Amino acid sequence: MNGKQHLSLLLGISVIVITFYFFPDEAIARAGGGSSKGGGILGLILWPFILIYSGIVTYIAAKKNRQAKNLLKQISEKDPMWQIDHIKARIEVAYFKIQEAWRERNQDIAKEYMSNRLYTKHKLQTDDMLRRGIKNIMESINLEEATIVEILDYRDDSKDSFWVLIKGSMVDYTIVENTGDVIDGEKKNLSFKELWRFKREDHGRVLDEIDQDVSISDLRGFNPFSEEIT
């Protein structure tokens, strides 16, 4: 077995164990419905595979980010809405507002930073949490890095969108309000990665989708595109 085959085998094993460990069932913590998993003996056993997988994700994301930045330099000269400083500032504000809206179970807090579709989806989820008497406790919310991995620029501005790899951390767990019993998550600071898709609307970029299962195949499928320069 040569070096490439060894790497492919390690990657395949990493994908399998990480999928079963981190995504065993649907949770209700963190904006969008995901939760940070980790810890325990199993976590220690799987740690080498997690590092391998995380390293590959980081490498591919950095490559896609370089491609996206090159495209942004070209299209931002004609369209100021594509200026990278403007985009990154919007991502940061949206990230904290959307987490706050989820924590407070009040989606109106972040309404201007979400598409109508995502606002409706999140409102249904947090309204259900209110009805059931459960609350997501979110503390020490941090945005560690936002890496743009795909740009889609069309002549029709309403079709414009971009994907960003979010790396964040927070204390994230869910309780029963009446009793304070923890029913999901852990009372410790954990890191996570998510893919966020922003689309263009008249008042600015808005979040339209959160993909909490960051996969290598997703990242490989991203490519910068512009109808204006192709």
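Our subject is the structure that appears above.
Treat the numbers as computed from the prediction; the structure is a model and nothing was measured.

Student: Can you help me understand the overall build of the protein chain in this one?
Tutor: For the protein chain, the count of helices and strands is five helices and five strands. Put simply, the protein chain runs from its N terminus to its C terminus through helices and strands in the order α-α-α-α-β-β-β-β-α-β. Put simply, of all contacts in the protein chain between residues at least 6 apart along the chain, 69% involve residues at least 24 apart. Counting every atom, the protein chain has about 12200 Å² of accessible surface; 52% of that belongs to carbon and sulfur.

Student: What is the right way to look at the pattern of salt bridges in this model?
Tutor: Side chains that differ in sign of charge can pair as their charged atoms come close. On inspection of all chains with the given rule, the structure shows 15 salt bridges. The salt bridge involving E104 is made with R103; its shortest N-O contact spans 3.2 Å. The partly exposed category is assigned to E104, whose relative accessible area is 39%. Classification of R103 as partly exposed rests on a relative accessible area of 26%.

Student: Can you walk me through the nonpolar core in this structure?
Tutor: As a rule of thumb, nonpolar side chains are buried together in soluble globular proteins. I151, V164 and W196 are the most contacted members of the largest nonpolar core, which has 35 residues in total. Of all the secondary structure elements, the ones that give two or more residues to this core are α2 (40-75), α3 (84-104), α4 (116-132), β1 (134-153), β2 (161-176), β3 (182-201) and β4 (204-211). Apart from the residues within four sequence positions on either side, V164 is in contact with I91, A146, T147, I148, V149, E194, L195, W196 and F198. Within the second largest apolar cluster, 13 residues are counted, among which are V57, I60, A61 and L195.

Student: Explain the packing of aromatic side chains here, please?
Tutor: For any pair of aromatic rings, geometry is given as the distance between the ring centres together with the angle between the planes. Per the counting criterion, the structure on display carries seven aromatic pairs. Judged by centre distance (6.3 Å) and plane angle (40°), the rings of W196 and F198 are tilted. Given a relative accessible area of 0%, W196 falls into the buried group. The structure contains a cluster of three or more aromatic residues connected by ring pairs, namely W82, Y95, F96, F162, W196 and F198. Here the guanidinium or amino end of R30 rests over the ring plane of F192, the centre of that ring lying 4.0 Å away. Here the guanidinium or amino end of K111 rests over the ring plane of Y119, the centre of that ring lying 4.8 Å away.

Student: Would you explain the pairing of β2 in this entry?
Tutor: A regular strand places its side chains on the two faces of the sheet in alternate fashion. With respect to burial, β2 is a largely interior element, 14 of its 16 residues being buried. Relative to β2, β1 runs antiparallel, the two sharing 15 bridges. Across the sheet, the residue bridging to K135 is I175, located in β2. Direction of pairing for β2 relative to β3: antiparallel, over a ladder of 15 bridges.

Student: Hey, could you run me through the sheet that holds strand β5 (residues 225-226) in this one?
Tutor: Within a sheet, adjacent strands bond to each other through the backbone by hydrogen bonds, running parallel or antiparallel. Across the sheet, which stays open at both edges, the five strands sit in the order β4-β3-β2-β1-β5 with mixed pairing between neighbours. Two strands close off the open sheet at either side, each with one partner strand: β4 and β5. α3 rests against β1, β2, β3 and β4 of the sheet, and its axis sits at about 155° to β1. Where α4 meets the sheet, it contacts β1 and β4, and its direction lies at approximately 60° from that of β4.

Student: So what exactly am I meant to see when it comes to the side chain of K135 here?
Tutor: As for its placement among the helices and strands, K135 is situated in strand β1. It is E104 that comes nearest to the buried, bridge-free K135 among opposite-charge side chains, at 4.5 Å. Here the side chain of K135 touches R103 through a polar contact of 3.0 Å, landing on its backbone oxygen. Setting aside residues no more than four positions away along its own chain, K135 makes contact with R103, E104, R105, M129, Y173, T174, I175 and E177.

Student: Would you mind going over unusual backbone geometry with me for this structure?
Tutor: Apart from glycine, the bulk of residues carry a negative phi angle, and the bulk of peptide bonds sit in the trans form. Despite not being glycine, R105 has its phi angle at roughly 55°, a positive value. Located in the positive-phi region is S140, a residue other than glycine, with phi close to 50°. With respect to the helices and strands, the residue S140 is situated in strand β1.

Student: Where do I start with the side chain of R90 in this structure?
Tutor: Turning to its location among the elements, R90 is positioned in helix α3. Here R90 is buried and forms no salt bridge, its nearest opposite-charge partner E112 lying at an N-O distance of 4.7 Å. Among the polar contacts listed, one links the side chain of R90 to the backbone oxygen of E112, at a separation of 3.1 Å.

So, how was this worked out
- Residue indices follow the written sequence of each chain, beginning from 1 at its first position.
- Per-residue local features of the predicted model are confined to residues with pLDDT of at least 70, and side-chain atom pairs are confined, for both listing and counting, to 80 or more; whole-chain, interface and lining totals are unaffected and use all residues.
- For side-chain calculations, the full set of non-hydrogen atoms in the structure is used, while hydrogens and water are omitted.
- Helix and strand assignments follow DSSP, with helices taken as H or I runs no shorter than four residues and strands as E runs no shorter than two, numbered in order from the N terminus.
- The criterion used for residue contact is that any of the two residues' heavy atoms lie within 4.5 Å.
- All accessibility values rest on the Shrake-Rupley procedure with a 1.4 Å probe; residue burial counts only the protein chains present in the view.
- One side-chain nitrogen of Lys or Arg within 4 Å of one carboxyl oxygen of Asp or Glu is enough to make a salt bridge.
- Only protein chains enter the calculation, and the probe is 1.4 Å; a residue is then buried if its accessible area is under 20% of its type maximum, exposed if over 50%, and partly exposed in between.
- Joining through side-chain atoms within 4.5 Å is the link that ties buried Ala, Val, Leu, Ile, Met, Phe, Trp, Tyr and Cys residues into a set, and such a set is a nonpolar core.
- Under the pairing criterion, centres of Phe, Tyr and Trp rings, with the six-membered ring standing for Trp, must be within 6.5 Å; the plane angle then separates stacked pairs below 30 degrees from edge-to-face pairs above 60, leaving the rest tilted.
- In this analysis the charged atom, NZ for Lys or CZ for Arg, is taken to sit over a ring once it is within 6 Å of the ring centre and within 35 degrees of the ring normal.
- One requirement defines pairing of two strands: DSSP has to find at least two bridges between them.
- Working convention: axes come from line fits to C-alpha atoms, limited for helices to the stretch in contact. Angles between N-to-C directions cover 0 to 180 degrees.
- For this count, His and the chain ends are skipped, Lys and Arg are scored as positive, and Asp and Glu as negative.
- In the analysis that follows, any N or O atom pair within 3.5 Å is treated as a polar contact, provided that within protein one partner can donate a hydrogen and the other can accept it, and provided that, for residues neighboring in sequence, both atoms belong to side chains.

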